[in-house]
Amino acid sequence: MNPVRMKRTAIAILLALGMGACALAACASGQQGAQQQAASSAASTSAPAAFARTTSLEGVAVMRDESFGGVCIDITIDDFNRLGFEYGDSVDVEFSNGYKLEGIPYYNGYYTSIGDPLVVGYPGYPHIEVAINFGDPLWDVSGVQAGDTANVTLREAGAFSNIQEAFDITYTDNRADYASDEQFANFRALRGGSMKPGVAYRSASPIDNEHNRAPYVEGLMKQAGVAYILNLSDNKTEANEFVAEDKAQGIDVSRFEELSASGCVALLDLSASYPSESYARTLAGGLVSMTEHDGPYLVHCVEGKDRTGFVCLLLEALCGATYDEMLSDYMETYANYYGITKESDPSKYEAISNQQFADMLRTIAKAGEGADLTAIDYVGPAREYLKMGGMTDGQIDALVDRLVK
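Residues numbered from 1 in each chain as written. Predicted model: local features only at pLDDT ≥ 70, side-chain atom pairs only at ≥ 80, totals over all residues. Heavy atoms only, no water.

1. Here we look at the confidence of the model for the chain
Selection rule: A score between 0 and 100, pLDDT records how confident the predictor is in each residue. Residues are treated as being in contact if the distance between any of their heavy atoms lies within 4.5 Å.
In the predicted model, the chain carries a mean pLDDT of 88, and the fraction of residues at 70 or more is 87%. Note on residues 1–51: pLDDT is under 50 here. Beyond four places in sequence and across chains, it has 143 contacts.

The structure is reproduced here in structure tokens:
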């Protein structure tokens, strides 16, 4: 497997690793308890009663996740689960340097809120990961180093099983399972507020073909006349490796190559740590570059879901999109990939919109947990976020002009 792809398989599918300094072991249990209570109403069935299980893993080597700085534990998911751990359990993690995370969930996806820790066993990924959603790298925050080890101990069986059930979703990479190329590629125009129709699009990656979508994105962006690409997920080395691999497999990447050769591809290599100033700075630099070129524009990461979801919300907010317009666009990704709509699966729709989508809006608006997100005018907060990244009012005005005129 392509080494770039190997290290990013789960990360491209799920939310990025990282940790805010607030998410230390002392507050982890309380944060998770609040999230568990919120998700309980969204789950379609009650969590099963916890039962006695005694499970532990001791003295296993740890490695740094080179993409986002999380901590990999050197054991496969299957071997970890054979020890008796199950998705939805709560566990304690202690590293040999003394750093602890207590009572955190074990999931097969990134189902926690911003700043909350978890252990992740995503099927297909080569290791168990210890992660904190949307923040500074756990490797750095915890202070672990090469040669350190980890102990993982079961704290309570099934403590988070209701959340696991509410968020447990998967999709296929088979085009025949989808109604259209657009649905399969998660390709569509941004919309909302005064945004000009067809000026900007979002999609899965046109070059990372891990999920078989790159050829479809390539064709759709040709049809749309895309003239500039904001690639949120790759650096130059990664992009070159993906293009080379695609061409070796006979996949057409000619439009991407043309745009890249003419300086019309920005490679931002972003994590999903969108609350951070460093994320805002990198994104702002890419948007300034985008503004210097004609559209139509394409914004993508790997799936066009998390990093792309936040950036598109920000651009739509900047153009005056309403809460309902932004929610509609954000949740269309979940309809495309998973068939989740408000009508087809109201429990999962509510769980996703009340966590991932709401977290992104709270980040833009700097709003607290109790804020009425439907009543906020997001134009000003979106401008302030970009200013945090270093954009001037003039540069923001130029970006808006590109998107609405």
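Now that the structure is up, let's keep going.
2. As for the packing of aromatic side chains
Let me state the cut-off plainly: Geometry of aromatic contacts follows a simple scheme: Phe, Tyr and Trp rings, the Trp one being its six-membered ring, pair when their centres are within 6.5 Å, and the pair is stacked under 30 degrees between planes, edge-to-face over 60, tilted otherwise. Note on conventions: DSSP H or I runs of at least 4 residues are helices, E runs of at least 2 residues are strands, and numbering of each starts at the N terminus. Accessible area is worked out with a 1.4 Å probe on protein chains only. A residue is then buried under 20% of its type maximum, exposed over 50%, and partly exposed in between.
With the rule as written, the count across this model stands at 21 aromatic pairs. Centroid distance Tyr 107 to Phe 160: 6.3 Å. Interplanar angle 80 degrees. Geometry classified as edge-to-face. Of this pair, Tyr 107 sits in strand E4 (residues 100–107) while Phe 160 sits in the loop between strand E7 (149–156) and helix H5 (161–167), and the two are 53 residues apart along the sequence. Taken together, a centroid distance of 4.4 Å and an interplanar angle of 15 degrees make the contact between Tyr 274 and Phe 310 stacked. Of the two residues, Tyr 274 is situated in the loop between strand E11 (265–267) and helix H10 (277–291) and Phe 310 in helix H11 (residues 307–318); the sequence distance between them amounts to 36 residues. Note on Phe 310: relative accessible area 0%, which makes it buried. A connected cluster of aromatic rings, assembled from ring pairs, spans Tyr 171, Tyr 323, Tyr 330, Tyr 334, Tyr 337, Tyr 338 and Phe 357.

3. Looking at unusual backbone geometry
Backbone torsion omega between Gly 295 and Pro 296 reads 0 degrees, so that peptide bond is classified as cis. The phi dihedral of Asn 186 is positive, around 55 degrees, even though this residue is not glycine. Tracing the sequence through the fold places Asn 186 in the loop between helix H6 (181–185) and strand E8 (188–189). Overall, the relative accessible area of 0% leaves Asn 186 in the buried class. With phi around 50 degrees, Asp 269 is a residue other than glycine that occupies positive phi space. Overall, the relative accessible area of 39% leaves Asp 269 in the partly exposed class.

4. Details of the environment of Phe 187
Within the secondary structure layout, Phe 187 lies in the loop between H6 and E8. Assessed through its relative accessible area of 8%, Phe 187 is described here as buried. Sequence separation of Phe 187 and Tyr 201 is 14 residues, and the distance between their C-alpha atoms is 7.0 Å. With sequence-adjacent residues up to four places away left out, Phe 187 is seen in contact with Glu 182, Tyr 201, Arg 202, Ser 203, Leu 220, Met 221, Ala 224 and Leu 298.

5. What to know about the sheet that holds strand E1 (residues 56–64)
Across a sheet, strands are paired by hydrogen bonds formed along the backbone, either parallel or antiparallel in direction. Inclusion rule: A pair of strands counts as paired when DSSP detects no fewer than two bridges linking them. To get an axis, a line is fitted to the C-alpha atoms, and for a helix only the part in contact is used. The angle between two axes follows their N-to-C directions and goes from 0 to 180 degrees.
Overall, mixed pairing links the seven strands, which are arranged E1-E2-E6-E5-E4-E3-E7 in a closed barrel. On average, each strand axis in the sheet is tilted by 35 degrees relative to the strand beside it, whichever way the strands run. The sheet contact formed by E4 and strand E5 (residues 117–120) spans two bridges and is parallel. Within the sheet, the bridge partner assigned to Tyr 106 lies in E5 and is Val 119.

6. Brief notes about the state of the cysteines
Just so we agree on the cut-off: Only a pair of cysteine sulfur atoms within 2.5 Å qualifies as a disulfide here.
Taken as a whole and judged by the stated rule, the model has zero disulfides. For the unlinked cysteine Cys 301, the closest cysteine sulfur is that of Cys 312, found at 8.8 Å. Judged by relative accessible area, Cys 301 falls into the buried class, the value being 3%.

7. A closer look at the sheet that holds strand E12 (residues 297–300)
Strand order in the open sheet made by the five strands is E8-E9-E12-E10-E11, with mixed pairing throughout. Each edge of the open sheet is held by one strand with a lone partner, namely E8 and E11. As judged from the two bridges shared by E8 and strand E9 (residues 200–203), these two strands associate in the antiparallel manner. Bridge pairing links Arg 188 to Arg 202 in E9.

8. Quick look at the environment of Asn 186
Sequence separation of Asn 186 and His 300 is 114 residues, and the distance between their C-alpha atoms is 9.8 Å. In contact with Asn 186, not counting residues within four places along its chain, are Arg 202, Ser 203, Ala 204, Glu 303, Gly 304, Thr 333, Asn 336 and Tyr 337.

9. Focus: helix H13 (residues 346–365)
Applicable threshold: One fitted axis covers the seven residues ending at a residue, a second covers the seven starting there, and the bend at that residue is the angle between these axes.
The largest bend in H13 amounts to roughly 35 degrees and is located at Ala 358. At the exit of H13 stands Lys 366, carrying a positive phi of roughly 55 degrees.

10. Side note on the environment of Leu 190
Turning to its location among the elements, Leu 190 is positioned in the loop between E8 and E9. Taking the C-alpha atoms as reference points, Leu 190 and Asp 329, 139 residues apart in sequence, are found 7.5 Å from one another. The contact partners of Leu 190, leaving out residues within four places of it in the chain, are Met 195, Ala 200, Tyr 201, Arg 202, Cys 312, Leu 315 and Glu 316.

11. Regarding the pattern of salt bridges
Applicable threshold: Here, a salt bridge means any Lys or Arg side-chain nitrogen found within 4 Å of an Asp or Glu carboxyl oxygen.
Taken as a whole, this structure holds 25 salt bridges when the rule is applied. Between Asp 294 and Arg 402 there is a salt bridge, with the nearest N and O atoms lying 2.7 Å from each other. You can see Asp 294 sitting in the loop between H10 and E12 and its partner Arg 402 sitting in helix H15 (residues 393–404), a full 108 residues away along the chain. Arg 402 sits in the partly exposed class, given a relative accessible area of 27%. Shared partners join several salt bridges into a network, and the residues in it are Arg 188, Arg 191, Arg 202, Asp 329 and Glu 332.

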